[in-house]
Amino acid sequence: MVERTVLVTGGTGGLGGAVTAAFLKAGWRVVVPDRKGGETTPATSGPVRVVADLLEPAGVARAVEAATADPTAPLRAVVNLVGGYASGGLVHETPVEEFDRMLRINLRPTYLVTQAALPHLTAAGGGAVVCVSARAAVAPFARAAGYATAKAAVVAFANAVAVEYRQHGVRCNTVLPSVIDTPANRAAQPDADHGRWVPPAEIAGVIRFLASDESAPTSGASIPVYGRA
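Note that the structure is predicted; figures quoted are calculated from it, not measured. Residue numbers restart at each chain and count upward from 1, following the sequence in its written direction. With the structure being a predicted model, the display of local features is reserved for residues of pLDDT at least 70 and the display and counting of side-chain atom pairs for 80 or more, all residues being used for whole-chain, interface and lining totals. In computing side-chain properties, one takes all heavy atoms of the structure into account and sets aside hydrogens as well as water.

## Remarks on the overall build of the chain
Formally: The secondary structure listing takes helices from DSSP runs of H or I that are at least 4 residues long and strands from runs of E that are at least 2 residues long, numbered from the N terminus. Radius of gyration means the value over C-alpha atoms here, while the globule rule gives 2.2 Å times the residue count to the 0.38 power. The rule is simple: take the accessible area with a 1.4 Å probe, protein chains only, and divide by the maximum for that residue type; under 20% is buried, over 50% is exposed, in between is partly exposed. The contact rule is simple, with two residues in contact once any of their heavy atoms fall within 4.5 Å.
The secondary structure content of the chain amounts to six helices and seven strands. Computed over C-alpha atoms, the radius of gyration of the chain comes to 17 Å, within 12% of the 17 Å expected from 2.2 N^0.38 for 229 residues, which places it in the range of a compact globule. Along the three orthogonal principal directions, the C-alpha set of the chain runs to about 50 × 35 × 35 Å. Looking at the 229 residues of the chain, the share that counts as buried comes to 44%. The contacts in the chain between residues at least 6 apart in sequence include a share of 68% that link residues at least 24 apart.

## A few points about the layout of surface pockets
Let me state the cut-off plainly: Put simply, the grid is 1 Å and covers the protein atoms alone, a cavity is a trapped set of points that fit a 1.4 Å probe, a pocket is an open set with protein on both sides within 12 Å along at least five of seven lines, and lining residues have an atom within 4 Å of a point. Grid points are joined across faces, edges and corners, and a volume is the space filled by probe spheres set on the points. Residues are grouped as follows: Ala, Val, Leu, Ile, Met, Phe, Trp, Tyr, Cys and Pro are nonpolar; Asp, Glu, Lys and Arg are charged; all remaining types, including Gly, are polar.
Its boundaries defined by the atoms lining it, the largest pocket holds a volume of some 1,400 Å³. Taken together, 45 residues make up the lining of the largest pocket; nearest its centre are L81, G83, G84, Y85 and I180. Considering every element that reaches the lining of the largest pocket, the biggest residue donor is helix α5 (residues 183-188), with four residues. Surrounding the second largest pocket, E3, R4, W28, P74, R76, G126, G127, G169, R171, A211 and D213 form its lining. Here the residues of the lining of the second largest pocket are counted per class, giving three nonpolar, three polar and five charged.

## As for the sheet that holds strand β2 (residues 29-34)
Basically, it comes down to this: Only strands joined by at least two bridges in the DSSP assignment are considered to pair. Only C-alpha atoms enter the line fits that serve as axes; for helices the fit covers just the stretch in contact. Angles between N-to-C directions range over 0 to 180 degrees.
Strands sit in the order β3-β2-β1-β4-β5-β6-β7 across an open sheet of seven strands; the sheet is parallel. The sheet is open, and its two borders are formed by β3 (48-51) and β7 (222-225), each paired with just one other strand. Across the sheet, the mean angle separating the axes of adjacent strands is 20 degrees when strand polarity is ignored. Of the strand pairs in this sheet, strand β4 (residues 75-80) and strand β5 (residues 127-132) are connected by four bridges, and their pairing is parallel. Each bridged residue has a counterpart across the sheet, and for V79 the counterpart in β5 is V130. Packing of helix α1 (residues 14-25) onto the sheet brings it into contact with β1 (5-9), β2, β4 and β5, and relative to β2 it is tilted by some 160 degrees. Here helix α4 (residues 145-165) sits on the sheet and contacts β5, β6 (170-177) and β7; the angle it forms with β6, its principal contact strand, is near 160 degrees.

## A word on helix α6 (residues 200-211)
We apply this condition: A helix is expected to reach a length of 1.5 Å times the quantity of its residues less one. Taking the helix axis as origin, the arc is that swept by the directions to the C-beta atoms.
For α6, built from twelve residues, the straight-helix expectation of 16 Å at 1.5 Å per residue is met to within 8% by its first-to-last C-alpha distance of 17 Å. Every buried residue of α6 is listed here: P200, I203, A204, I207, L210 and A211. Here the buried residues of α6 occupy an arc of 125 degrees about the axis, which is enough to place them on one side. Looking at the buried residues of α6, the elements they touch are α1, β4, β5, β6 and β7.

This is the structure in structure tokens:
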């Protein structure tokens with residue numbers, strides 16, 4: 001019987017699909033916002049899908065409303081997957097508009113969704129927030145300063161949430177994957193050594209664990225999830 005809900009942002013992407021599947025298999029009610037979708041749809045055997053632009057407060061409010069609509073399955077976890085990647089020139093060659101764009105698409109949805117969900121998590125007696133950053137946050141590489149900075153900001157924000165809401169029973173942790181083995185990444189880097197990339201299902205398992213009761217003592221952690229090779 002479903003007794004808890006998780007809100008998964010970015011749940012329609014390559015990693016998001018694996019995360020959604022992991023929570024459904026574990027018996028959660030899963031709500032997935034989609035900016036490009038049709039009308040909001042109820043769950044049958046799959047996730048509840050809701051049309052929402054998570055860059056805007058109104059869209060975030062709509063997503064959280066859907067996630068808290070079932071009183072028999074209170075919102076107990078939020079997974080922040082929404083983000084984006086871009087590389088370009090060195091710092092002195094990168095327009096400030098591109099730097100700002102990386103911050104906006106990687107940090108703003110994480111902030112807005114977490115901010116809107118926190119009162120519901122505390123009201124439900126606690127829960128978990130899991131933010132997906134990247135290995136680049138702690139090991140930057142050249143020509144992606146905006147991306148690395150934005151992902152490092154996600155870690156800093158998650159740590160702030162962990163400190164502020166520990167006494168309210170809400171924990172917040174961050175996952176730092178290396179390159180994720182998705183069809184989009186393979187298409188962008190066809191000549192890369194894909195054997196060194198991390199499968200989405202492996203990341204999804206870590207995320208589900210961090211949202212579960214088994215991880216209750218853990219908050220403010222940054223968990224590396226790298227390829228096996």
